[in-house]
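# Results of the structural survey
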Amino acid sequence: MKYTLNALCSLDCKQHDHFGDIHFIRKTSHRDDIIIIDASTAEIFKQIRSNNVLTADFEAKNADRIARLVADNILVPLQRSVGKVEKQLTKQINLWLQVTDSCNLACDYCYIPSLYSDKSFHRDTIFQLFQHFKDIEGLETVHLKLAGGEPLMVFSAWKDEVQWLRTQLECIGISLELRIITNLTRLTNEMICFFKHHSVIISVSVDGLGDTHDQHRKYKNGAGSFAAVMTNIERLHARGISPSVMITVAGDNYLGVPALVEYLIEQDMTFRISDAKGGYLTPAQFEQTMDTVNALLDKAIDQGYPVSRRVVFSDLRTHEAASTPCSMGSHAAAIYLDGSVYFCHTEFQKGQPLGHLSGGQNLLSIIRSGKQKHFGLSDDCQQCQYRFVCAGGCPLYRVNGKSPMCNVYKKIISQVFDIYNKEDGKIT
């Protein structure tokens, strides 16, 4: 088949010391409207730009890549099938699903604006999601994060619906990956059996050891939650379940985070370390913490701790180049209790939803209507060597078009790539 290129799209390439050549297509509608592609996809673009007709064998070999370029309106078929409507494509979709606004803790830096509302989870939301999933062309995997509030407070409200969803998706060849975002202060044997049976990924928030954790993550009566969390982590380990830990570095716990990291390394656990957004942490505090943490990780390489497989650094794309710091607006979104679709869970109720599951518009179109929220990168970000690693940081917290942690992120990225190189044996 013959194709022509959308005149509003251009192919570019940027060399990066860690990732090598990064190929990307930029849409002239906005300089931040960028799609990163692999070298084979770039070759398709080049061939058509040279007026070469794609052979049947070449098309068959690159069918998925060509379909994506057509769906993104980068390639335009010169002979469209009569009546055929080109659909948007994605192999995976990532959703934060809010199942409750209730929480048994009173963390002082919590960024969920709808917390403690009296709204309840709509049971038909799961059914509505399935109707959307089955209509997404090319979908292979659904990544579903069950969150709140505290999702385990309402385990009985969603467990049957989630099992039903998994069964329905399996029948049409789509896999479901479940993750629970939890404070892990509540855990029953029934929950453990459910997690084990369904291979649920558990992400638990821990902000330090002992009192360091308890000064933030405490019950409403003021009592700390650390002892309960650690007991429940051990219960999971005893059943062969390895939870990952989410660390939020804030102004009150930044000095205690390295001790927690040292403990997690000793336990061979996976963790994510992030800076608290919204003014709860200064760049100097985060830099001090991460200098110590990365020094610990550098030493851990010598003991065989696999940093590249165990540690996620904030929203930095240290494993694969990306045009945005997260997949929101591309193939990810947040679903509120009532079925409203938001760009991000930090906007629940206070922000404007992109759409609704029952609104008639397909889910992928709703999600991609939010991509412009990533736009507006500063000139500094455009020229930065880490443009496709940091991508300007979270777009909802940028200041003058870039992350308030800009200089710290640059230092962290450099340290992390050095650690990766050491892990790969490239440096000693």
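These figures come from a predicted structure and were not determined experimentally.

Glancing now at helix α8 (residues 226-238). An ideal rise of 1.5 Å per residue puts 18 Å on 13 residues; α8 measures up with 18 Å between its terminal C-alpha atoms. Among the residues of α8, those classed as buried are F226, V229, M230, N232, I233 and L236. Across the axial projection of α8, the buried residues extend over an arc of 165°, all falling on one side. Facing away from the buried side of α8 by over 90 degrees, the exposed positions are A227 and A238. Two residues or fewer past α8, G240 is found with a positive phi of approximately 80°.

Turning to the layout of surface pockets, a few remarks are in order. In this structure, the second largest pocket encloses a volume near 160 Å³. Around the second largest pocket sit 14 residues that line it, and A276, K277, G278, P404 and M405 are the ones nearest its centre. A breakdown of the residues in the lining of the second largest pocket according to their chemical character gives 8 nonpolar, 4 polar and 2 charged.

Bringing helix α1 (residues 39-49) into the picture now. Looking at α1, one finds that the buried residues are T41, A42, I44, F45, Q47 and I48. Where α1 ends, the next residue or the one after it, N51, has phi of about 65°, a positive value.

As summarised here, the arrangement of the 10 strands in space is β12-β11-β10-β9-β8-β7-β6-β13-β14-β15, forming an open sheet in which the pairing is mixed. Each of the sheet's edge strands pairs with one partner strand only, and the pair in question is β12 (311-313) and β15 (355-356). Alignment of strand β7 (residues 141-147) against strand β8 (residues 175-182), held across 6 bridges, turns out to be parallel. Paired with H143 across the two strands is E177, which belongs to β8. Across the sheet, helix α4 (residues 124-133) is in contact with β6 (92-98), β7 and β13 (332-335); its angle to β6 comes to roughly 165°. Contacts between helix α10 (residues 283-302) and the sheet are confined to β10 (244-249), β11 (271-275) and β12, with β11 contributing the most and set at about 160° to the helix.

Reading the values: rules and limits
The numbers attached to residues start from 1 for each chain and follow its sequence in the written order. The predicted nature of this model means local features are confined to residues of pLDDT at least 70 and side-chain atom pairs, given and counted, to a pLDDT of 80 or more, with totals for whole chains, interfaces and linings taken over all residues. As a rule here, side-chain values come from all non-hydrogen atoms in the structure, and water together with hydrogens is ignored. Working definition: helices are DSSP H or I runs of at least four residues, strands are E runs of at least two. Numbering for both runs from the N terminus. One fewer than the residue count of a helix, multiplied by 1.5 Å, yields its expected span. Accessibility here uses a 1.4 Å probe with only protein chains present; expressed as a share of the type maximum, an area under 20% marks a residue as buried, one over 50% as exposed, and anything in between as partly exposed. Picture the helix axis, draw a direction to every C-beta atom, and the arc is the one those directions span. Definitions used for this entry: grid spacing 1 Å over protein atoms alone; cavity, a set of points where a 1.4 Å probe fits but cannot get out; pocket, an open set with protein on both sides within 12 Å along at least 5 of 7 lines; lining residue, one with an atom within 4 Å of a point. Grid points are joined across faces, edges and corners, and a volume is the space filled by probe spheres set on the points. Residues are grouped as follows: Ala, Val, Leu, Ile, Met, Phe, Trp, Tyr, Cys and Pro are nonpolar; Asp, Glu, Lys and Arg are charged; all remaining types, including Gly, are polar. Only strands joined by at least two bridges in the DSSP assignment are considered to pair. The contact criterion used is simple: two residues touch if any of their non-hydrogen atoms lie within 4.5 Å. Interaxial angles span 0 to 180 degrees and are taken between N-to-C directions of axes, which are lines fitted to C-alpha atoms, for helices over the stretch in contact.

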